[in-house]
Protein chains: 2
Amino acid sequence: MRVTSEDGRKPTIIDVAREASVSQGTASDALRGSDRVTEETRKRVKRAAENLGYRVNRVAQGLRTGQSGLIALMLPSAGGVEMLAHEYYVSALIGASRAAVAGDLGLVLLPEIDGDSTGAELADGVIVIDPPRRDPSVKRLRKEGTPVVTIGADPSLPGDPWAVIADNEENCRSVLDRLRASGARRIVLISSDEPWGWFLGNEAAYRSWANEVEMVTTVLSAGPGDRDGARAATADLLTGEDPPDALLALTVDSAIGALEAAQDEGIEVPEGLQIAGLVDGAPLRDGDPAITCFDLDPVAQAEAAVKLLMARIRGEEPSGPVVIDGRLIERESTRPVRDGG
Amino acid sequence: MRVTSEDGRKPTIIDVAREASVSQGTASDALRGSDRVTEETRKRVKRAAENLGYRVNRVAQGLRTGQSGLIALMLPSAGGVEMLAHEYYVSALIGASRAAVAGDLGLVLLPEIDGDSTGAELADGVIVIDPPRRDPSVKRLRKEGTPVVTIGADPSLPGDPWAVIADNEENCRSVLDRLRASGARRIVLISSDEPWGWFLGNEAAYRSWANEVEMVTTVLSAGPGDRDGARAATADLLTGEDPPDALLALTVDSAIGALEAAQDEGIEVPEGLQIAGLVDGAPLRDGDPAITCFDLDPVAQAEAAVKLLMARIRGEEPSGPVVIDGRLIERESTRPVRDGG
DNA sequence: TTGAAAGCGTTACCAT
DNA sequence: ATGGTAACGCTTTCAA
């Protein structure tokens, strides 16, 4: 066993041990603050490490402990990482990053869902945002025993306790109730033709709610980022017969497109038409009028997901899915609620 | 040496070797497509690996080869990862992610600039965006021999060839020239009080350009994300004496704030006031009028940075800084240039 | 062409 | 309280 410390190489724990005149194992214990070593030797070892500029090799540490100290965040794969164009995912990324730092974990970004991504294979666990209905890569992660936590329920694993979810039905209803409370009697939903669970679930919630309150339903479709499509579709609707007095938009772009259409037609918002969204985003905040919406709090969702994943990695028992309550953000695109409801 | 394959454990290369009746080393060679092994044994080994569901342990691989297959992206630390609120950084992240995938590398996000981030220590190299003037962590990375590539020059390492840069002076001048070509005779710069190199460099370029063309200079300041501050400052300017006929805004928010101020004062854009920005962003594209700006092409910058970092990790010689040309995006907030210039 | 064995740097166990 | 040493899973050299 070579125990020389050629210069040029990075110092290893062996160098530190020799410098401090202790054994390799003791150096390891001392550096990690084990109570196996005397306070005095601990100090000596730390000083030696400092002198040598020693930093633990986390790869070697990982091999030995079986943990890399990395978690991965997998974004939905509608063409790769470009989903970051949506503020929701950026916020989730921010939340995950913050929580990872707090937990002394590194965060690797898992872009599109491919075969062998270096990130996934190195990570101790993976957070999957908006798991697709039948995605082979998530399935494989699970089969290989990688700890997985999802944000949003995994359609192929109903009732999975390792998930952070929102009560989408409840949230959707709360916004519908809010619109109705300020006078809406004909609410149209602007959804998408993408078969994502998010859209389908909200459409279902809308229909069941409308059924209960005996309201006619109409669902418009526009691509998730297709502002102009939403604008055109809304324009048709507003100029057609039986125009709505309120719009509920499932995406930021459809909300803005709807607002633009109303303004094109000279309809006052909220006086002539109320508009609300089901996710928040900068264009909604900055709009004129600013648009009322439900905020899913993606930062909190991601933070909760990291904590859940850490628990799962530690081998803890699941405590059921974590539900993050969002909140309704009142802005100018909806009329105030009269006291009598 | 234990060579049993208890079920429950993940299969190792030893299990594969035994399954294929070859030695450990041969299995390794076969799996990685070395030409040391017969085509026939290669197939057999691959099949064995397939059967067992074997995946290489990249931590062990990393320990042996000294490479983790990870690169880190360090975002500037104005309060952590929140810089992702700016589209520029999100775009850079997208570009880096794309290039990392293409190079079969994992991308870890290095949030704020702290002591021992798991991400940095595991990575084979680090990309630093907008290196701060005197940041201890970047300095330490360098001292420890971590390959570093910066996007934007590192003020503490002038002339570093391992950098992806934009010709900020030239870009700033091109926009100023453009404004002047369409009639601007008094251009005011909206900068920031943050002491970042980006702001300082552009202020200097503005002053030297104005000196050359004998134009009076005025520099306004507003915080990087302070739209209302920019709006108020611009309003003062527009209602004061000697109001400008053009505005050059260094941030997205200051450009929008300026536009709002103009509209508040009833000044037509671009007829009564031209406005241009020096970075692109959604609010500029979606504005009414949409705002002309210089696009730094952060996606291309990040892609170039990843390639440069890969070269540096491979031990190649530097080939001088990589300059990414952005481009001027003509939109509605500037008047057309008359043919005679 | 293949097998055997020596590390890579660390942690954890068994002695002392 | 500390030292010695065997793994961890892989790649790579040295023999055969």
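One can find the structure itself at the top, above this paragraph.
Residues numbered from 1 in each chain as written. Chains lettered and ligands numbered in written order. Predicted model: local features only at pLDDT ≥ 70, side-chain atom pairs only at ≥ 80, totals over all residues. Heavy atoms only, no water.

## Regarding a negative patch on the surface
All names here are of chain A.
- On the surface, Asp 167, Glu 170, Asp 177 and Asp 325 cluster together into a negatively charged patch.
- By the secondary structure assignment, Asp 177 is in helix α8 (residues 168-181).
- According to the relative accessible area criterion, Asp 177 is partly exposed, its value standing at 41%. (Patch = residues over 30% accessible without salt bridge, like charges linked within 9 Å, V, L, I, M, F, W, Y side chains within 5 Å. Areas by Shrake-Rupley, 256 points an atom, 1.4 Å probe, with all protein chains shown as cover. Salt bridge = Lys/Arg side-chain N within 4 Å of Asp/Glu carboxyl O. Lys, Arg positive; Asp, Glu negative; His and termini not counted. Charge placed at Lys NZ, Arg CZ, Asp CG, Glu CD. Helix = DSSP H or I, 4+ residues; strand = E, 2+ residues; numbered from the N terminus. Buried < 20%, exposed > 50% of the residue type's maximum accessible area, 1.4 Å probe, protein only.)

## Side note on the protein's contact with DNA strand C
- Residues in contact with DNA strand C amount to 25 residues; listed here are only the nearest, Ile13(A), Ser28(A), Tyr54(A), Arg64(A) and Arg64(B).
- Considering DNA strand C, the proportion of its atoms within 4 Å of the protein that are sugar or phosphate atoms stands at 60%.
- One of the side-chain nitrogen or oxygen atoms of Ser28(A) is found 2.6 Å away from a phosphate oxygen of DNA strand C.
- The separation between a phosphate oxygen of DNA strand C and a polar main-chain atom of Ser23(B) is 2.8 Å.
- Contributing elements (two or more residues each) for the surface near DNA strand C: α2 (24-31) and α4 (58-65) of chain A together with α4 (58-65) of chain B.
- Sort the elements by how many residues they give to the surface near DNA strand C and α4(A) lands first, with five residues.
- Taken together, the residues that form the surface near DNA strand C break down as eight nonpolar, 11 polar and six charged. (Near = heavy atom within 4 Å. Polar contact = N/O pair within 3.5 Å; in protein donor to acceptor, adjacent residues only side chain to side chain. Nonpolar A, V, L, I, M, F, W, Y, C, P; charged D, E, K, R; others polar.)

## Focus on the pairing of strand β8 (residues 246-249) of chain B
Residue and element names in this part refer to chain B.
- Residues Ala 246 and Leu 248 of β8 are buried on one face, and the alternating residues Leu 247 and Ala 249, pointing to the opposite face, are buried as well.
- The pairing of strand β6 (residues 187-191) with β8 spans four bridges and is classified as parallel. Across the sheet, residue Ile 187 finds its bridge partner in β8, namely Ala 246.
- Sheet analysis places β8 next to strand β9 (residues 274-277), joined by four bridges and oriented parallel. Looking at β9, one finds that Leu 248 is bridged to Ala 276.
- One crossover worth recording links β8 to the parallel β9 by way of helix α11 (residues 252-264), and it is right-handed. (Pairing = 2+ DSSP bridges. Right-handed = clockwise from strand over helix to strand, strands pointing away.)

## A closer look at the sheet that holds strand β5 (residues 163-165) of chain B
- Read from one edge to the other, the open sheet built from 12 strands follows the order β11(A)-β5(A)-β4(A)-β3(A)-β1(A)-β2(A)-β2(B)-β1(B)-β3(B)-β4(B)-β5(B)-β11(B), with strand pairing classed as mixed. If you trace the sheet from one side to the other, it starts and ends with β11 (322-323) of chain A together with β11 (322-323) of chain B, each paired once.
- Note: strand β1 (residues 70-74) of chain A against strand β2 (residues 106-110) of chain A, five bridges, orientation parallel. Each residue of the ladder has a partner; that of Ala72(A), found in β2(A), is Val108(A).

## Let's talk about the interface of chain A and chain B
- Contact with chain A, which involves 35 residues of that partner, is made by 35 residues of chain B.
- Both sides of the chain A and chain B interface together cover about 3400 Å² of buried area, and 61% of this is carbon and sulfur.
- Of all residues in chain A, Arg55(A), Val59(A) and Thr118(A) bury the most surface against chain B, accounting for 18% of the area lost on that side.
- Applying the counting rule to chain A against chain B returns six salt bridges.
- Here Glu144(B) and Arg55(A) are joined by a salt bridge, their closest N and O atoms 3.7 Å apart.
- Linking chain A to chain B there are six residue pairs in polar contact (both at pLDDT 80 or more).
- Elements supplying a minimum of two residues to the side of chain A that touches chain B: α4, α5 (87-102), β2 and α6 (118-122) of chain A.
- If you tally residues by element for the side of chain A that touches chain B, the top one is α5(A), at six residues.
- Direction of pairing for β2(A) relative to strand β2 (residues 106-110) of chain B: antiparallel, over a ladder of three bridges. Its bridge partner being in β2(B), Val108(A) is matched across the sheet by Val108(B). (Contact = heavy atoms within 4.5 Å. Buried area = accessible area lost by both parts, 1.4 Å probe.)

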